[in-house]
Amino acid sequence: MGLTQEELPEIVGAWRNSNKRIVDLWYSLGNAAIHVVETCDPVACRGLILAREVDLANNVDFLTIELPSKRKLYYANPKLEQNSWGQAALTYDGMDQTTKKWTKLDTYGGKLVENVVQAIARDCLAENITRLTELGHEIVMHVHDEVVIETPMGVTVESVCDVMGMPIEWDSKQNIIKKTKQEVVKMENNIKSPSHYKIPGLGIESIDIIRHTVDNFKKARVYLDWLIEEVEKNE
């Protein structure tokens, strides 16, 4: 574009000043993600639900972002690390799009918003592909937010656009707000007191029993220290 490095900050600043709501969304989602990773508490942010979930079978935990459609985005093994500015930065395990290798990646609010926007656009497209198919239109291909269909000559572009522009049940603002509040309460209950952790018939978690045996653990630690010391002497 023929721009110098000195000119770029002014252009970036002007764009951000003209699009303050978008910038605010970047920071809101980025801060929510950091809070969830740091505290493990679920957070509602602009119709989305962010949470930290664990796959016990594979010993992997995730930062998840639940979309209005109820589909989730998963970020494996999320961690907080200090960036070059001395601030908390979010990292996760994923595939490097250049090397195609599984590695540690970093992300931030703006990139998370991009992921969410593209994912919601995909969900909208999927809903409309289903609608068009049910109306008898044959989907030849689709690219991003567009579909290519094979249909009789009498079908107009406007009629297809009308179908694709119809409201989606989960896309209602009030519906999103209502469901978000309900899901956060449900998520908090599942995280702080999950039913599958409780001992059947007792209504308490196994961790509650373990907490009452802390003295035994302390004694075991002393015995282990003695044993380690003896083994190290004989090596």
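Residues numbered from 1 in each chain as written. Predicted model: local features only at pLDDT ≥ 70, side-chain atom pairs only at ≥ 80, totals over all residues. Heavy atoms only, no water.

A. Inspection of the layout of surface pockets at higher detail. Counted as a void, the largest pocket has a volume near 580 Å³. Lining of the largest pocket is provided by 20 residues; of these, Tyr 27, Asn 83, Thr 107, Tyr 108 and Gly 109 occupy positions nearest its centre. Elements with a contribution of two residues or more to the lining of the largest pocket: α2 (20–39), β5 (88–95), β6 (102–107) and α3 (109–134). Among the elements that make up the lining of the largest pocket, the one with the highest residue count is α2 (six residues). Looking at side-chain class alone, the lining of the largest pocket contains 10 nonpolar, eight polar and two charged residues. (1 Å grid on protein atoms, 1.4 Å probe; cavity = no way out; pocket = protein on both sides within 12 Å on 5 of 7 lines; lining within 4 Å. Points joined across faces, edges and corners; volume = space filled by probe spheres on them. Helix = DSSP H or I, 4+ residues; strand = E, 2+ residues; numbered from the N terminus. Nonpolar A, V, L, I, M, F, W, Y, C, P; charged D, E, K, R; others polar.)

B. Examining the packing of aromatic side chains more closely. Within the structure shown, the criterion is met by three aromatic pairs. With a centroid separation of 5.4 Å and an interplanar angle of 85 degrees, the aromatic rings of Phe 62 and Tyr 74 are classed as edge-to-face. On the criterion of sequence distance, the pair formed by Phe 62 in strand β3 (residues 60–66) and Tyr 74 in strand β4 (residues 72–82) is long-range, its members being 12 residues apart. Using a relative accessible area of 47% as the deciding quantity, one classes Tyr 74 as partly exposed. Summarising the aromatic geometry, the rings of Tyr 75 and Tyr 92 are spaced 5.1 Å apart at their centres and angled 90 degrees between planes, so their arrangement reads as edge-to-face. (Phe/Tyr/Trp six-rings, centres within 6.5 Å; stacked < 30°, edge-to-face > 60°. Buried < 20%, exposed > 50% of the residue type's maximum accessible area, 1.4 Å probe, protein only.)

C. Summary view of the pairing of strand β2 (residues 48–55). With three bridges joining them, strand β1 (residues 43–45) and β2 adopt antiparallel strand pairing. Within β2, the position partnered with Ala 44 by the bridge is Ile 49. In this antiparallel pair of consecutive strands, β1 and β2, the connection spans two residues, and Arg 46 shows a positive phi of 55 degrees. Hairpin connection, β2 to β3: the antiparallel pair is bridged by four residues, and Asn 59 has positive phi, about 55 degrees. (Pairing = 2+ DSSP bridges.)

D. Just the packing of α3 against helix α4 (residues 157–164), in detail. For the pair α3 and α4, interaxial distance at closest approach is 9 Å and the crossing angle is 125 degrees. Of the possible angle classes, the one that applies to α3 and α4 is oblique. Crossing angle aside, the handedness with which α3 passes α4 is right-handed. For the pair formed by α3 and α4, the contact residues are Leu 125, Asn 128, Arg 131 and Leu 132 on the first element and Val 160, Val 163 and Met 164 on the second. Classifying every residue of the contact of α3 with α4 gives five nonpolar, one polar and one charged. (Axes fitted to C-alpha atoms, helices over the stretch in contact; angles between N-to-C directions. Parallel < 35°, antiparallel > 145°, perpendicular 65-115°, else oblique. Left-handed = near helix turned anticlockwise from the far one by under 90°. Contact = heavy atoms within 4.5 Å.)

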